[in-house]
Amino acid sequence: MPEFPGWFFEKTPFEKGTSLGVKIRSKVVEEKTPFQFIEVYDTEDLGRMLVLDGVIQLTEFDEFSYHEMFVHVPMMSHPDPKSVLVVGGGDGGMVRELVKYSCLERIDMCEIDGGVVELSKRYLPFTSSGLSDPRVRVFLEDGAVFIGNHPGEYDLILVDSSDPIGPAEVLYKRPFYEGIKSALKPGGAALCQCETIFFYLPLIKSFIQAINDLYPVLQYMNTLVPTYPSGMIGQLVCSLGPDFSQPIREPAPDIQETLRYYTPQVHRAAFHLPCFAARELAL
Ligand code: SPD
């Protein structure tokens, strides 16, 4: 990786010849935990930035698109969501969007690395603000073990993981999705972070093939996030019933006015993939 003083270059696990550069003002904090190396930066143009093992997880500039689509698409598609589990997501961005819904009685978050949660509470208040909601329970455990201990408990499971290398590798394997299926209530669904169609199409394809027989409905949606590789990221919907490509309701006006990315139109559009990807994934 080239060294340019004052610049951060992402060390992504798969795109070895491409790297996003971000101009840095200062490093806010760094910590080595038993699971990974955590860094928080203040950047020149993108506000605060969270990096895990050299990979950008979020920036203050564009995290809203990722977190809004991950939460409001399922909340607008499931007929009656009451209980949600976030696997990973220690920065709190998912929970911040979930706590906007008074219909949710239970919001659990299972994050393996307590260091991410603690540093986010201290240095990333723009994502971690929802963690103090009384409905939120934070479990510092291995998500793969956690789901095995909670059969049939969740309407929605949101897998907000880092890339399939290091602590998140297990979250891209079939046994985890067998566990997810048994942790869902009838008619429930999981959404999982599923990389970008430009750099990761073979990986996405093989992942879908590996779990194809587990879920009656598998759908892939695309969200624009400028600071992720290729400027976008996908979520794979693994549903036991509902079709997530069509919203069945709209966010209440007081929720919609807090949003910067999600609209019902953007929701529908996210499921229309460029033809090279649609052809390959055959969903
Ligand atoms: N390539 C990096 C993908 C990171 C996805 N997870 C981000 C966590 C934000 N809550």
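Every value quoted in this text rests on a predicted model; they were computed, and no experiment measured them.

K.L.:
Looking at this structure, how should I read the site of the ligand?
P.N.:
All residues adjacent to the ligand are Val55, Ile56, Gln57, Tyr66, His67, Asp91, Asp160, Ser161, Asp163, Gln193, Tyr228 and Ile233. The side chain of Gln57 places a nitrogen or oxygen atom 3.4 Å from a nitrogen atom of the ligand. Here Asp163 contributes a side-chain N or O atom positioned 3.0 Å from a nitrogen atom of the ligand. Starting from 340 Å² of accessible surface for the ligand in isolation, the protein chains cover 98%. In a pocket analysis with a 2 Å cut-off to the grid points, the ligand is assigned to the largest cavity. With 3 residues, strand S5 (residues 55-59) is the single largest residue contributor to the shell around the ligand. Both domain 1 (7-59) and domain 2 (63-281) contribute no fewer than three residues apiece to the shell around the ligand.

K.L.:
Would you explain the pairing of strand S2 (residues 21-32) in this entry?
P.N.:
Examined bridge by bridge, strand S1 (residues 7-9) and S2 share 3 bridges and lie antiparallel to one another. Bridge pairing links Phe8 to Val22 in S2. Note that S2 and strand S3 (residues 37-43) share 7 bridges and pair antiparallel. Residue Lys27 lies in a different strand from S3, and its bridge partner there is Tyr41.

K.L.:
Sorry if this is basic, but what is going on with empty space enclosed by the protein here?
P.N.:
Empty space among the atoms becomes apparent when a probe as large as a water molecule is rolled across them. Enumeration over the complete set of coordinates arrives at 1 cavity of 30 Å³ or more. If you add up the space inside the largest cavity, you get close to 420 Å³. Lining the largest cavity are 35 residues, with Leu52, Gln57, Asp160, Ser161 and Ser162 sitting closest to its centre. The set of elements that each furnish at least two residues to the lining of the largest cavity consists of strand S4 (48-52), S5, helix H1 (63-75) and strand S6 (83-88). Take the lining of the largest cavity: its biggest share by element is 4 residues, from S5. Tallied by class, residues from the lining of the largest cavity come to 18 nonpolar, 10 polar and 7 charged. Built from parts of two domains, the lining of the largest cavity gets at least three residues from each of domain 1 (7-59) and domain 2 (63-281).

Conventions and cut-offs
Residues numbered from 1 in each chain as written. Predicted model: local features only at pLDDT ≥ 70, side-chain atom pairs only at ≥ 80, totals over all residues. Heavy atoms only, no water. Near = heavy atom within 4 Å. Polar contact = N/O pair within 3.5 Å; in protein donor to acceptor, adjacent residues only side chain to side chain. Areas by Shrake-Rupley, 256 points an atom, 1.4 Å probe, with all protein chains shown as cover. 1 Å grid on protein atoms, 1.4 Å probe; cavity = no way out; pocket = protein on both sides within 12 Å on 5 of 7 lines; lining within 4 Å. Sits in = over half its atoms within 2 Å of the grid points. Helix = DSSP H or I, 4+ residues; strand = E, 2+ residues; numbered from the N terminus. Domains from an automatic or database assignment. Pairing = 2+ DSSP bridges. Points joined across faces, edges and corners; volume = space filled by probe spheres on them. Nonpolar A, V, L, I, M, F, W, Y, C, P; charged D, E, K, R; others polar.

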